[in-house]
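# Per-entry structural report
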Amino acid sequence: LFEALAKHLQPGSGTPAALSDEDPMLEARQIFIEGLAEKIENLVNQLMAQDWEAMKGVIHTLKGNGGTFGYPELTRQARAIEDHLKASDFDPIEAMMAELAELIAEIQTGELAPSDSP
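To start, this report covers the structure provided alongside it. (Residues numbered from 1 in each chain as written. Predicted model: local features only at pLDDT ≥ 70, side-chain atom pairs only at ≥ 80, totals over all residues. Heavy atoms only, no water.)

## With respect to the packing of aromatic side chains
Counting across every chain of the model gives three aromatic pairs. A centroid spacing of 4.9 Å and a plane angle of 20° characterise the contact between phenylalanine 32 and phenylalanine 69, whose relative ring orientation is stacked. Here phenylalanine 32, found in helix α2 (residues 24-34), pairs with phenylalanine 69, found in the loop between α4 (52-68) and α5 (72-86); they are 37 residues apart in sequence, far enough to count as distant. Overall, the relative accessible area of 9% leaves phenylalanine 69 in the buried class. (Phe/Tyr/Trp six-rings, centres within 6.5 Å; stacked < 30°, edge-to-face > 60°. Helix = DSSP H or I, 4+ residues; strand = E, 2+ residues; numbered from the N terminus. Buried < 20%, exposed > 50% of the residue type's maximum accessible area, 1.4 Å probe, protein only.)

## Observations concerning the environment of methionine 96
Among the structural elements, methionine 96 can be located in helix α6 (residues 93-109). Looking at methionine 96, the relative accessible area reads 10%, which means it is buried. Filtering out sequence-adjacent residues up to four positions away, methionine 96 remains in contact with Gln77, Ala80, Ile81 and His84. (Contact = heavy atoms within 4.5 Å.)

## Points about the side chain of glutamine 46
Tracing the backbone shows glutamine 46 in helix α3 (residues 36-49). Taking relative accessible area as the criterion, glutamine 46 reaches 15% and is therefore assigned buried. Polar contacts involving the side chain of glutamine 46 include one to the main-chain amide nitrogen of methionine 55, which spans 3.5 Å. Glutamine 46 has contacts with Asp51, Ala54, Met55 and Val58, leaving out every residue within four places of it along the chain. (Polar contact = N/O pair within 3.5 Å; in protein donor to acceptor, adjacent residues only side chain to side chain.)

## Focus: the packing of α4 against α5
With their axes 8 Å apart at the nearest point, α4 and α5 run at an angle of 155° to one another. With respect to each other, α4 and α5 are oriented roughly antiparallel. Handedness of the crossing formed by α4 with α5: left-handed. Listed contacts from α5 to Trp52, Met55, Lys56, Ile59, His60, Leu62, Lys63, Gly66 and Gly67 of α4 are Pro72, Leu74, Thr75, Ala78, Arg79, Ile81, Glu82, Leu85 and Lys86. Taken together, the residues of the contact of α4 with α5 sort by class into nine nonpolar, four polar and five charged. (Axes fitted to C-alpha atoms, helices over the stretch in contact; angles between N-to-C directions. Parallel < 35°, antiparallel > 145°, perpendicular 65-115°, else oblique. Left-handed = near helix turned anticlockwise from the far one by under 90°. Nonpolar A, V, L, I, M, F, W, Y, C, P; charged D, E, K, R; others polar.)

## Here's the deal with the packing of α4 against α6
Relative to each other, α4 and α6 sit at 30°, their axes nearing to 14 Å. Where α4 crosses over α6, the handedness of that crossing is left-handed. Residues Trp52, Met55, Ile59 and Leu62 of α4 form the contact with α6, whose own contacting residues are Ile93, Met97 and Leu100. Split into classes, the residues belonging to the contact of α4 with α6 amount to seven nonpolar, no polar and no charged.

Don't take any of this as a statement about function, it's just geometry.
In structure tokens form, the structure reads like this:
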């Protein structure tokens, strides 16, 4: 997980160039993307502390935001993690978080484009 984070996530690692300052939804998407590094950092800290309740809240928010901003892959991964957290099945969480970190890195770099227009 930490290798994936170090490889893919850099604070302020930019946002896709296609974003426009003129559309409020695009601006909101940009703010969302800019906040992803902090969210994954918080999730990693919560994972290390085994603070499952705090993780549930952040993951739930990511699940909804993924749909709002056109990233169904993010929603699916967050939903899968949330399901394991709700079931108190914590063993696969670290590997799932590594996958989430990779998705977030792809969103940040623009490699993973939103699936729809906001």
